[in-house]
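Next come the chains, spelled out residue by residue.
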Amino acid sequence: MIALLAHRFGDLDLADDAVQDALLEALHWNEIPDNPAAWLYTVARNRAIDRLRREASARRRLLSAAPDLLSQQAQATQPTDPSQQTEEGPAMIVEHSDVGDEHLRLALLCCHPALDRDSQVALTLRLVGGLTTAEIAAAFLLPEPTLAQRIVRAKRKIRDAGIPLTIPAALDERVDALLTVLYLIFNEGYLSRGSTVTVRVDLVDEAVRLTRQALELLPANAEVEGLLALELFTRARSDARIAGGELVLLENQDRTTWNLSEIDAANRILVAALSRMNPGPFQLQAVIAAHHANAPTAADTDWPSIAGAYAQLSAMTASPVVALNRAVAVAMADGPRAGLVLLDAIAGLDDYHLYWAARGELLVRSGDKDAAACAFRRARELATNPAEQRHLDRRILGVG
Amino acid sequence: MEYMIFIGENEYRETPAPGTPDFDAYMGDWTAYNQKLIDGGHYLGGGRLQPTGSATTIRRVSGADTVTDGPFAETKEQIGGYYIISASDLDEALALTSAMPIDNATLEVRPISFRPDAM
């Protein structure tokens, strides 16, 4: 089938990817179609066309965005150096005939630290992801004019401040920024999955696609692999996370609904990342996700290893949210009191509903129901997601 | 492109007294920095400002001027100095700005739209 498609499209990689897409879709069959091979071929052909369209629109976007961004580069060239002033702008694109390089420069431009985080996210989805302003606005539940203005402002800043479309000297920092943006997009999509609002674009899938693309541009980058593995482990469990509109905690999830082939793929990517001996926060988060994803039952979860990974992550990031997760893992490994001791030491999460929810759970386990109810009520006041609110209501009733 | 760097700092910061070895080291860093900007063809101008106590502000509303004592705005950090530099793009401007030998300061880098004397 791959050969058939490769012949049709004259591109083996494309055919390969398209067939993989079709096989993944086939995993979700409820009943076997009359002619599975024909079905697969049709789906694969359609996926190949989708991919080609995406690519073509990415090229168009690059070409339409680039002259805009490059014209200022020509202007910016110093008058003291006339050799550089002669139409250097458009030449920059031609000179880097490798499209991948152009894509990388564009992706890194979108995550320039001179742009605020919201603009980075919007620009990345618009210029790198190829989404329309309307699609991005809908995905973030924002009015379209707000998002359109955000993008216009960001483009204006790029032009007026002279933000260059070049591979930065501090590449690692910029790659970190790109990964952070991609992970933000992923989380935004993940948290809104299963909500009653239907959106045309699934930010989870979009983030995974963009992370794969980033890995193609930055091959053998352990942190990009780490992020991709993390996203796949998380997405593999996403169907089990909501049941009947209600949030299902990891320990109560029906693990038979987890996407095993996605977990396998994530395992392979994570192993490759770790073999590069260049650890980073996304790899550590992926390691933690892997421990959860590979545990046959909740009781089989290797909590001491997870607590260890959180300790490393905590040392690396100094984030109170990581410290919170670490406290929960330690509670699972060494008992609720050990976790509560760590929770007490965390500052800056007083307005974070998950801090209070976690505190409530640990207090329940240590037998202090009154204090637990108090913590759950505080969490309920702070929670904004309806599914989380209903979950907390049930917890308050449960300990009351 | 041309950029102005505004150096925001606490104007009561302590600097070494002239004549001490610390002062020589302090000034040496600044001289080296300025020379680096000049040698690279980046330096267009700059200077250190007197404290805001010496500032006089003219506020013009509907053509009527009011002259008052004091700076543009009373804030903890004040503009203590500035540079005007030439750089190929923002990344170069930011790199030149971070090389400034100053600690505990806020450095705003703003592109210059145009300068009448450079047109």
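Residues numbered from 1 in each chain as written. Chains lettered and ligands numbered in written order. Predicted model: local features only at pLDDT ≥ 70, side-chain atom pairs only at ≥ 80, totals over all residues. Heavy atoms only, no water.

> Help me understand the overall build of chain B in this model?
When helices and strands are tallied, chain B shows two helices and six strands. Helices (α) and strands (β) of chain B occur, in sequence order from the N terminus, as β-α-β-β-β-β-α-β. Principal-axis analysis of the C-alpha atoms gives chain B an extent of 45 × 40 × 20 Å. Going through the 119 residues of chain B one by one, you find that 26% of them count as buried. Just so you have it, chain B exposes about 7,700 Å², and 55% of that area is on carbon and sulfur atoms. A distance of 6 Å separates the average location of the 8 positive side-chain charges in chain B from that of its 18 negative side-chain charges. (Helix = DSSP H or I, 4+ residues; strand = E, 2+ residues; numbered from the N terminus. Buried < 20%, exposed > 50% of the residue type's maximum accessible area, 1.4 Å probe, protein only. Areas by Shrake-Rupley, 256 points an atom, 1.4 Å probe, with all protein chains shown as cover. Lys, Arg positive; Asp, Glu negative; His and termini not counted. Charge placed at Lys NZ, Arg CZ, Asp CG, Glu CD.)

> Looking at this structure, I do not really get the packing of helix 14 (residues 281-293) of chain A against helix 15 (residues 303-317) of chain A. What am I missing?
Helices that pack against each other are described as a pair by the angle of their axes relative to one another and the distance between those axes. All names here are of chain A. Remark: helix 14 packs on helix 15, axes separated minimally by 9 Å, with the N-to-C direction vectors making an angle of 165°. Taken as axis vectors, helix 14 and helix 15 run roughly antiparallel relative to one another. Note that helix 14 runs across helix 15; the crossing there is left-handed. Contacts between helix 14 and helix 15 pair P281, L284, Q285, V287, I288, H291 and H292 from the former with W303, S305, I306, A309, Y310, Q312, L313, M316 and T317 from the latter. (Axes fitted to C-alpha atoms, helices over the stretch in contact; angles between N-to-C directions. Parallel < 35°, antiparallel > 145°, perpendicular 65-115°, else oblique. Left-handed = near helix turned anticlockwise from the far one by under 90°. Contact = heavy atoms within 4.5 Å.)

> Would you take a moment to explain the interface of chain B and chain A for this structure?
How big an interface is tends to be reported as the loss of accessible area on association of its parts. The interface of chain B with chain A comprises 13 residues on the first partner and 11 residues on the second. Buried area between chain B and chain A, both sides added, is near 840 Å², and the carbon and sulfur share of it is 53%. For the chain B face of the interface with chain A, the top three residues by lost area are M1, L90 and D91 of chain B, together amounting to 55%. At the surface where chain B touches chain A, the tally comes to one salt bridge. Between R174 of chain A and D91 of chain B there is a salt bridge, and its shortest N-O distance comes to 3.6 Å. Put simply, chain B and chain A have three residue pairs in polar contact (both at pLDDT 80 or more) between them. In the side of chain B that touches chain A, the residues fall into six nonpolar, four polar and three charged. (Buried area = accessible area lost by both parts, 1.4 Å probe. Salt bridge = Lys/Arg side-chain N within 4 Å of Asp/Glu carboxyl O. Polar contact = N/O pair within 3.5 Å; in protein donor to acceptor, adjacent residues only side chain to side chain. Nonpolar A, V, L, I, M, F, W, Y, C, P; charged D, E, K, R; others polar.)

> Looking at this model, I keep getting lost on helix 6 (residues 117-128) of chain A. Mind explaining?
Since the α-helix turns once every 3.6 residues, residues separated by three or four places project in the same direction. All names here are of chain A. Its 12 residues give helix 6 an end-to-end C-alpha distance of 15 Å, which sits within 8% of 16 Å, the value for a rise of 1.5 Å per residue. The buried count for helix 6 comes to nine of 12 residues, which makes it a mostly enclosed element. Residues of helix 6 that are buried: S119, Q120, V121, A122, L123, T124, L125, L127 and V128. Of the residues flanking the start of helix 6, the one acting as N-cap is D116, its side-chain oxygen 3.0 Å from the backbone nitrogen of D118. Just downstream of helix 6, G130 is the residue with a positive phi angle, here 75°. (Expected span 1.5 Å × (residues − 1).)

> Explanation requested: the pattern of salt bridges in the structure shown.
Note that side chains of opposite charge can pair when their charged atoms are close. All names here are of chain A. Across all of its chains, the model carries 18 salt bridges over all chains by this definition. Put simply, R235 and E262 hold a salt bridge, and the shortest N to O gap is 2.6 Å. Remark: E262 occurs in helix 13 (residues 260-275) and R235 occurs in helix 11 (residues 222-236); sequence separation between them is 27 residues. This pair shows no difference in class: R235 is buried, exactly as E262 is. One salt bridge in this structure joins R378 and E381, with 3.2 Å as the shortest N-O distance. Taken as a pair, R378 and E381 lie in helix 19 (residues 369-382) at a separation of three residues, close to a single helical turn. Under the relative-accessibility criterion, R378 is labelled partly exposed at 26%. Overall, E381 belongs to the exposed group, its relative accessible area being 60%. Through salt bridges with shared partners, a single network forms among D205, R235 and E262.

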